[in-house]
Amino acid sequence: MLRSLPKINIKSRPDYILLLAILFLLFMGIIILSSASAPLSARTAGTPNYFLFRQIIVGLIPGLILALILYNFKISFLREKSFWIYLFSMLLMALVFIPKIGEAAGGARRWIKIFGFSFQPVEFLKIAIILYLAAWMVKPIKKKNTYLSLLLPFCIIIGMPLLLLILQPNISAVGMIAFIGLAIYFVSKAPLSHILVFIIIAILLFSTLIFEPYRFNRMFTFLNPEKDPLGKGYHIKQSLIAIGSGGVFGKGIGFSDQKFGFLPKPIITDSIFPVFAEETGFFGSLMLLICYGILIWRGFKTAKDSTDEFSRLTAIGITSWIGIQTFINLAAMMALFPLTGVPLPFLSYGSSALICELAAMGILLNISKNNRI
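Only a predicted model underlies this, so the values are computations on that prediction, with no experimental measurement involved. (Residues numbered from 1 in each chain as written. Predicted model: local features only at pLDDT ≥ 70, side-chain atom pairs only at ≥ 80, totals over all residues. Heavy atoms only, no water.)

A. A look at the packing of aromatic side chains. Evaluation of the coordinates by the stated rule reveals ten aromatic pairs. Geometrically, the ring pair formed by Phe51 and Tyr349 is edge-to-face, given 5.3 Å between the ring centres and 80° between the ring planes. With a gap of 298 residues between them, Phe51 in helix 3 (residues 50–71) and Tyr349 in the loop between helix 13 (309–333) and helix 14 (351–369) connect regions that are remote in the sequence. Considered together, Phe51 and Tyr349 belong to a single accessibility category, that of buried residues. (Phe/Tyr/Trp six-rings, centres within 6.5 Å; stacked < 30°, edge-to-face > 60°. Helix = DSSP H or I, 4+ residues; strand = E, 2+ residues; numbered from the N terminus. Buried < 20%, exposed > 50% of the residue type's maximum accessible area, 1.4 Å probe, protein only.)

Here it is as structure tokens:
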């Protein structure tokens, strides 16, 4: 008599530790944004709460609604529609180059403005590329992994959005998309030789891009910040002053000095962590790092416990995205990495980024809900 096969026991509930980490980061993001944005908001909009209310109304609320919707989707539906999601993201990326739709700022075209609302399509691209690569990689790993059947199509899928990002230009996003793709490719049982070829291609690409004058200046400033402390090195100098002046326990929420015009303009986006560190000190910063660590840990655990390959690769992609973006932002603010303009997930001001980050968390919680116990 044949023994019956054991059934896979499904949780049917989300990872509550992951959920609490997300909620804590959102809470801290609202608290620190209310403080960091107040002086800038008062100067530009006449009220200290303009950027805070805008982040809540245009970013947080739509993001939570989208996260709830994606949490209740069937994962199989996302896999089936991943190609069309990818094509739609490519269309949005192309729209930035169309006059009166694409919006230029700081010498780059990264925004779409429709009916008075602006958003960055690259944030949606991150989710789209994760879903499509995860769906596409499920099939090739079951076949013979040749360069033509696996690596070449992978490079095309990654290369098309990277080309559009280079044309914008948005080199920090190029690095992010390349890293996400490499993370998914690495865990999909692709041959090591393919991964090495992809890394070599990426190194050659970045080597040619970095010699643009302003990018070269950033690299030079990173290596020699003391050469021009009041010019190119001013940003990182003020960031380190803010972090160091927080001491052990911080100055208290709302009592940052650096937010009053000392830190450069991206204070509520790229540079929000120095204000957080100044106001909450070492212990507050440590709590924040632990919370990000818990999110990344539970994200990779979600991938490990996934019941199907698509869910596993998707969870790996989402967790890698949040993890590397967090690392780059924090490292740049502490002079451990060149300044890149990468925002801090869940804390930095930006509605399109927050909406897409919450959408990704909805998918990740959905996957955790369907995992094995």
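B. Representation of helix 1 (residues 16–36) within the structure. Look at helix 1: 30 Å from first C-alpha to last across 21 residues, which is about the 30 Å you get at 1.5 Å a residue. Here helix 1 has its buried residues at Leu18, Ala21, Ile22, Leu25, Leu26, Met28, Gly29, Ile32, Leu33, Ser35 and Ala36. A distance of 3.0 Å separates the backbone nitrogen of Ile17 from a side-chain oxygen at the start of helix 1, and that oxygen is part of Asp15. (Expected span 1.5 Å × (residues − 1). Polar contact = N/O pair within 3.5 Å; in protein donor to acceptor, adjacent residues only side chain to side chain.)

C. Summary view of the environment of Pro121. Summarising the element assignment, Pro121 is placed in helix 6 (residues 121–138). Judged by relative accessible area, which is 0%, Pro121 ranks as buried. Taking the C-alpha atoms as reference points, Pro121 and Met90, separated by 31 residues in sequence, lie 8.7 Å from one another. Once you skip the residues sitting within four places of it in the chain, Pro121 turns out to touch Leu92, Met93, Val96, Arg110 and Ile112. (Contact = heavy atoms within 4.5 Å.)

D. Structural detail: the environment of Ile199. With respect to the secondary-structure elements, Ile199 resides in helix 9 (residues 192–209). Looking at Ile199, the relative accessible area reads 30%, which means it is partly exposed. Spatially, the C-alpha atom of Ile199 lies 8.2 Å from that of Leu182, the residues being 17 residues apart in sequence.

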